Protein chains: 2
Amino acid sequence: MKKAAKRAAGLHRASLTKLHDLDAALELMYYGWRGMTLAADQYLATLGLSRPHHRILYVVARQPDISIGALIDVLGISKQALNRPLNLLLQRNLLTSKRSVEQHRTKLLRLTAEGQRIEQRASDYERKVLRAAFDRVGQTGAAAWMAVMGAIADNN
Amino acid sequence: MKKAAKRAAGLHRASLTKLHDLDAALELMYYGWRGMTLAADQYLATLGLSRPHHRILYVVARQPDISIGALIDVLGISKQALNRPLNLLLQRNLLTSKRSVEQHRTKLLRLTAEGQRIEQRASDYERKVLRAAFDRVGQTGAAAWMAVMGAIADNN
DNA sequence: TTCCTTAAGTCAACATAGTTGACGTGAGAA
DNA sequence: TTCTCACGTCAACTATGTTGACTTAAGGAA
């Protein structure tokens, strides 16, 4: 993609005047999120999937046999909002659901092999970006980044 | 807000099993973005405003007399998408637009005093979170964070 | 002056990602 | 048997975006 095309698509980093000390950091958070997710989103788009689908796959990959209700809690969305992307993933056989043996009213979700493959690829795109960035600053730099992000995340 | 309520609202940080080395970092990016913007978004919501409005105010604050077209480029959205939030801000007198003197077909945008006040407050909420996090890791830690985020942002 | 381009504005149709409310079904506990 | 719980689904709505088409007005070029 050419520079002009990137500018047109808003993919460049705008160089705005900084009014405050932390404006640069503020903008870096915005562009950082975009930089991490851009390639993954493009990959998912080729499959007709997007961020919500990836979020579901990511969580189920790390918590096999998770129930619908628990998944709703982790994602922080309503069951109605979960409904559509979840059904798409089931329909595409990226996810399976079966009733629990002892608790027959809860459903347990698992990734299929194909679902696992897609989750891994999409997340790999994101991890690859992080890896490259961490490699530039070394272990102590990476640790500092984690500490800062932890503090920001827990602020509330 | 109680812990249970936060869990229900998805405001906690889910503790998922880590399948890969960088999964923790990946999740921190997600929760970090949310942690930085949460208080600002809540403030904006009390005014009937949201992220797109804040983005406009932020950019115009740092580039007074910016044209509509330049604003579209910086934000990376279509003029139709800009239309609605921009008109709301003009209607609320948070923003003014006047024709350029020499280039009468371009419009120049500026913040009003009220618009400036709101932009500052909203951004302050975000900077406050960053400040608190940076204070915990010192100057070198903050610099490392900036370096990592810069590398992530520029990845493409 | 006429013609072409540019900047902005607006209308319509659509996609996606979410919300709340209401209601249904079937499982299991009291 | 009745009540609650987990899940499912329908409807209506909000918000933030997209593309395409068309208009208006300004201004440069022929």
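Residues numbered from 1 in each chain as written. Chains lettered and ligands numbered in written order. Predicted model: local features only at pLDDT ≥ 70, side-chain atom pairs only at ≥ 80, totals over all residues. Heavy atoms only, no water.

In the annotation of an unreviewed UniProt entry, chain A is listed under the name MarR family transcriptional regulator and assigned to Bradyrhizobium archetypum.

## Notes on the overall build of chain A
When you go through chain A residue by residue, the secondary structure sums to six helices and three strands. When the helices and strands of chain A are read in sequence order from the N terminus, they spell out α-α-α-β-α-α-β-β-α. For a compact globule of 156 residues, the expected C-alpha radius of gyration is about 15 Å, and chain A comes in at 19 Å, more than 25% above that figure. With the principal axes as the frame, chain A shows a C-alpha extent of 60 × 35 × 30 Å. Counting over 156 residues, chain A shows a buried share of 43%. Surface accessibility of chain A: about 8,200 Å² in total, with carbon and sulfur atoms responsible for 51%. Within chain A, the 13 negative side-chain charges are centred at a point lying 8 Å from the centre of the 24 positive side-chain charges. (Helix = DSSP H or I, 4+ residues; strand = E, 2+ residues; numbered from the N terminus. Rg over C-alpha atoms; globule rule 2.2 N^0.38 Å. Buried < 20%, exposed > 50% of the residue type's maximum accessible area, 1.4 Å probe, protein only. Areas by Shrake-Rupley, 256 points an atom, 1.4 Å probe, with all protein chains shown as cover. Lys, Arg positive; Asp, Glu negative; His and termini not counted. Charge placed at Lys NZ, Arg CZ, Asp CG, Glu CD.)

## Side note on the sheet that holds strand E1 (residues 66-67) of chain A
Sheet strands pair via backbone hydrogen bonds, and the direction of the pair is either parallel or antiparallel. Residue and element names in this part refer to chain A. The three strands are arranged E1-E3-E2 in an open sheet whose pairing can be described as antiparallel. Only two strands of the sheet have a single partner each, and these edge strands are E1 and strand E2 (95-99). Sheet topology places E2 next to strand E3 (residues 107-111); five bridges connect them, and they run antiparallel. Pairing of arginine 99 across the sheet is with lysine 107, part of E3. The strands touched by helix H3 (residues 51-62) within the sheet are E1, E2 and E3, with E3 carrying the most contacts at an inclination of about 100°. (Pairing = 2+ DSSP bridges. Contact = heavy atoms within 4.5 Å. Axes fitted to C-alpha atoms, helices over the stretch in contact; angles between N-to-C directions.)

## Some points on the packing of aromatic side chains
What describes a pair of aromatic rings is the distance from one ring centre to the other and the angle between the planes of the rings. Per the stated rule, a full pass over the model turns up eight aromatic pairs over all chains. Measuring from centroid to centroid gives 6.1 Å for tyrosine 30 of chain A and tryptophan 33 of chain B, while their planes differ by 55°, and the two rings are tilted. Here tyrosine 30 of chain A, found in helix H2 (residues 23-46), pairs with tryptophan 33 of chain B, found in helix H2 (residues 23-46), and the two come from separate chains. Chaining the aromatic ring pairs together yields one cluster made of Tyr30 and Tyr31 of chain A together with Trp33 of chain B. The ring of tyrosine 58 of chain A is capped by arginine 62 of chain A, whose NZ or CZ atom sits 3.6 Å from the centre of that ring. (Phe/Tyr/Trp six-rings, centres within 6.5 Å; stacked < 30°, edge-to-face > 60°. Lys NZ or Arg CZ within 6 Å of the ring centre and 35° of its normal.)

## So, the protein's contact with DNA strand D
Taken together, 21 residues sit near DNA strand D, with Lys79 and Lys107 of chain A together with Ser50, Ser78 and His104 of chain B positioned nearest. Considering the 4 Å shell around the protein, atoms of DNA strand D inside it are sugar or phosphate in 56% of instances. Between a phosphate oxygen of DNA strand D and a main-chain N or O atom of histidine 104 of chain B, the distance comes to 2.6 Å. Within the residue set of the surface near DNA strand D, elements represented by two or more residues are helix H4 (68-75) and helix H5 (79-91) of chain A together with helix H5 (79-91) of chain B. Element by element, the count of residues in the surface near DNA strand D is highest for H5 of chain A, at four residues. Here the surface near DNA strand D is built from residues that sort into four nonpolar, 12 polar and five charged. (Near = heavy atom within 4 Å. Polar contact = N/O pair within 3.5 Å; in protein donor to acceptor, adjacent residues only side chain to side chain. Nonpolar A, V, L, I, M, F, W, Y, C, P; charged D, E, K, R; others polar.)

## Let's talk about the packing of H4 of chain A against H5 of chain A
Residues and elements named next belong to chain A. Remark: H4 packs on H5, axes separated minimally by 10 Å, with the N-to-C direction vectors making an angle of 105°. Considering their axes alone, H4 and H5 lie roughly perpendicular with respect to each other. Seen from H4, the contacting residues are Ile68, Leu71, Ile72 and Leu75; seen from H5, they are Lys79, Leu82 and Leu86. For the contact of H4 with H5, the residue count by class is six nonpolar, no polar and one charged. (Parallel < 35°, antiparallel > 145°, perpendicular 65-115°, else oblique.)

## A few points about the interface of chain A and chain B
Contacts between chain A and chain B engage 60 residues on the former and 60 residues on the latter. Connecting chain A to chain B are eight salt bridges. A salt bridge links aspartate 21 of chain B to arginine 131 of chain A, with the shortest nitrogen-to-oxygen separation between them at 3.8 Å. Here chain A is connected to chain B by 14 residue pairs in polar contact (both at pLDDT 80 or more). Elements supplying a minimum of two residues to the side of chain A that touches chain B: helix H1 (3-8), H2, H3, H4 and helix H6 (113-154) of chain A. (Salt bridge = Lys/Arg side-chain N within 4 Å of Asp/Glu carboxyl O.)

## Describing the protein's contact with DNA strand C
The immediate surroundings of DNA strand C are formed by 19 residues, with Ser78 and Gln80 of chain A together with Gly69, Lys79 and Lys107 of chain B found nearest. The share of sugar and phosphate among atoms of DNA strand C within 4 Å of the protein is 53%. Taking lysine 107 of chain B, its side chain carries an N or O atom lying 2.3 Å from a phosphate oxygen of DNA strand C. Elements with a minimum of two residues in the surface near DNA strand C: H5 of chain A together with helix H4 (68-75) and H5 of chain B. With three residues, H5 of chain B is the largest single contributor of residues to the surface near DNA strand C. Here the surface near DNA strand C is built from residues that sort into four nonpolar, 10 polar and five charged.

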